[in-house]
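# Coordinates in review
Chain by chain, the residues:
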Amino acid sequence: MTHSPNKKTHKTNVKKLTLLAVYTTIALTIFTAESFLPPLVPLPGVKLGLSNIVTLWLLMHTKARDALWVLLSRIVLSSFFAGQMISMLYSLAGGLLCFVAMALLFHILGSKYIVFISIFGALFHNLGQIIIAICVTQLPTMAAYLPVLAISGVATGTFTGLCAFYLKRHLPPKIAWPM
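Counting restarts for each chain: residues are numbered from 1 in the order of the written sequence. Totals for whole chains, interfaces and linings use all residues, but because this is a predicted model, local features are given only for residues with pLDDT of at least 70 and pairs of side-chain atoms are given and counted only at 80 or more. Hydrogens and water are ignored here; the side-chain numbers use all heavy atoms of the structure.

### Remarks on a nonpolar patch on the surface
Each patch is built from residues that are more than 30% exposed by relative accessible area and take part in no salt bridge. Like charges join if they lie within 9 Å; nonpolar side chains (Val, Leu, Ile, Met, Phe, Trp, Tyr) join within 5 Å. In short, Shrake-Rupley with a 1.4 Å probe defines the accessible areas, and a residue's cover is counted only from the protein chains shown. The working definition used for a salt bridge is a side-chain nitrogen of Lys or Arg within 4 Å of a carboxyl oxygen of Asp or Glu. A cluster of nonpolar residues, Leu97, Ile108, Leu109, Tyr113, Phe116, Phe120, Phe124, Leu127 and Ile131, forms a patch on the protein surface that exposes about 730 Å² of accessible area. We count a stretch as a helix when DSSP gives it H or I for four or more residues in a row; a strand needs E for two or more, and each element gets its number in order from the N terminus. Among the elements of the structure, helix 4 (85–109) and helix 5 (114–137) are those that each provide at least two residues to the nonpolar patch. The leading source of residues in the nonpolar patch is helix 5, at five residues. Secondary-structure assignment places Tyr113 in the loop between helix 4 and helix 5. By relative accessible area, which is 40% here, Tyr113 ends up partly exposed. Throughout this description, buried means an accessible area under 20% of the type-specific maximum (1.4 Å probe, protein chains only), exposed means over 50%, and partly exposed covers the range between.

Structure (C-alpha cells):
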C-alpha cells in the first residue's frame, strides 16, 4: 500500500504544528519564569525579554511566519494566563515591531549578526510599547522615557542575542527543528 501525497503532507503539517506548539510552550515557560525574577532595575518596563530567545532561535531555523506564529501565541496566552489584558496591547505593539525589525534584518544580514539583530529588536520593542503608552495615556511626554528604554534595550538585546548565538553554536540544528 502506497501513501498518498495528502497523507504525507498531513503528517508533515501535524509534525510542524506540534513543533510550533512545543516552541510556544517553551517561550511561555520562559516568560512565566522571568516574571518571578526580581526587577533588573527599579524602572517600569525594563526586563530581560528572555522569551525573545525563542523568536530569535526560530528566525534562524524556520520560516519567519513560524516564528511570528509562536510569538503571537505566546503573547495572547501569557496575557490570558497573567490576567492582564491591557498588557496585551503593549506586548502586541512591542512584539510586532520587534519581530518586523528582526525579521527584516535577519533576511538582510543572516544569523551571523544575531546579537545586532536582537539589539534592534529590543529597541523596536521598546518603541512599540512607548507608542501604545502615548496612545493610552494621551501623554506625548511619555516619549521622554525612550532614552532610558534605549539603554536597557541595548543591554537586554545584547544578552538575549548572545543567548541565541551560543544556543545555535552548541545545539545541533536537527534537534532545533527536526523537519
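### Let's talk about the side chain of His61
Its place among the elements puts His61 in helix 2 (residues 52–61). Since its relative accessible area comes to 18%, His61 is described here as buried. Any pair of residues with heavy atoms lying within 4.5 Å of one another is described as a contacting pair. Apart from residues lying up to four places away in sequence, His61 is in contact with Lys168, Pro173, Ala176 and Trp177.

### Topic: the packing of helix 2 against helix 5
Contact pair helix 2 / helix 5: the axes reach a minimum separation of 11 Å and the direction vectors enclose 130°. The angle between helix 2 and helix 5 places the two elements in the oblique class. Crossing hand, helix 2 versus helix 5: right-handed. Along the contact surface, helix 2 presents Asn52, Leu56 and Met60, while helix 5 presents Ile114, Ile117 and Ser118. Lys, Arg, Asp and Glu make up the charged group, whereas Ala, Val, Leu, Ile, Met, Phe, Trp, Tyr, Cys and Pro make up the nonpolar group; the residues left over, Gly among them, are polar. Grouping the amino acids of the contact of helix 2 with helix 5 by side-chain chemistry returns four nonpolar, two polar and no charged. All axes are obtained by fitting lines to C-alpha atoms, using only the stretch in contact for helices, and the reported angles, taken between N-to-C directions, cover 0 to 180 degrees. For classification purposes, an angle smaller than 35 degrees is called roughly parallel, one larger than 145 roughly antiparallel, one from 65 to 115 roughly perpendicular, and anything else oblique. In this scheme, a crossing is called left-handed if the near helix is turned counterclockwise away from the far one by less than a right angle; it is called right-handed if the turn is clockwise.

### Overview of the layout of surface pockets
Of the voids in this model, the largest pocket is the one considered here, and its volume is about 1,200 Å³. A cavity here means a set of points on a 1 Å grid, drawn over the protein atoms and nothing else, where a 1.4 Å probe fits but cannot get out; a pocket is an open set with protein on both sides within 12 Å along at least five of seven lines, and a residue lines either one if it has an atom within 4 Å of a point. Taken together, 48 residues line the largest pocket, and the ones lying closest to its centre are Phe31, Gly45, Lys47, His125 and Gln129. Mapped by element, the contributors of at least two residues to the lining of the largest pocket are helix 1 (5–35), helix 3 (64–82), helix 4, helix 5 and helix 6 (146–170). The dominant element in the lining of the largest pocket, judged by the number of residues it contributes, is helix 5, at eight residues. In the lining of the largest pocket, the residues fall into 23 nonpolar, 22 polar and three charged. Grid points are joined across faces, edges and corners, and a volume is the space filled by probe spheres set on the points.

### A short note on the environment of Ser35
Residue position: Ser35 is located in helix 1. Overall, the relative accessible area of 48% leaves Ser35 in the partly exposed class. On a C-alpha basis, the gap between Ser35 and Lys47 in space is 8.9 Å, while along the polypeptide they are twelve residues apart.

### Some points on the environment of Gly161
Relative to the helices and strands, Gly161 resides in helix 6. The class of Gly161 is buried, set by a relative accessible area of 0%. Sequence separation between Gly161 and Ile53 is 108 residues; the distance between their C-alpha atoms is 7.0 Å. Apart from the residues within four sequence positions on either side, Gly161 is in contact with Leu56, Ile114, Val115 and Ser118.

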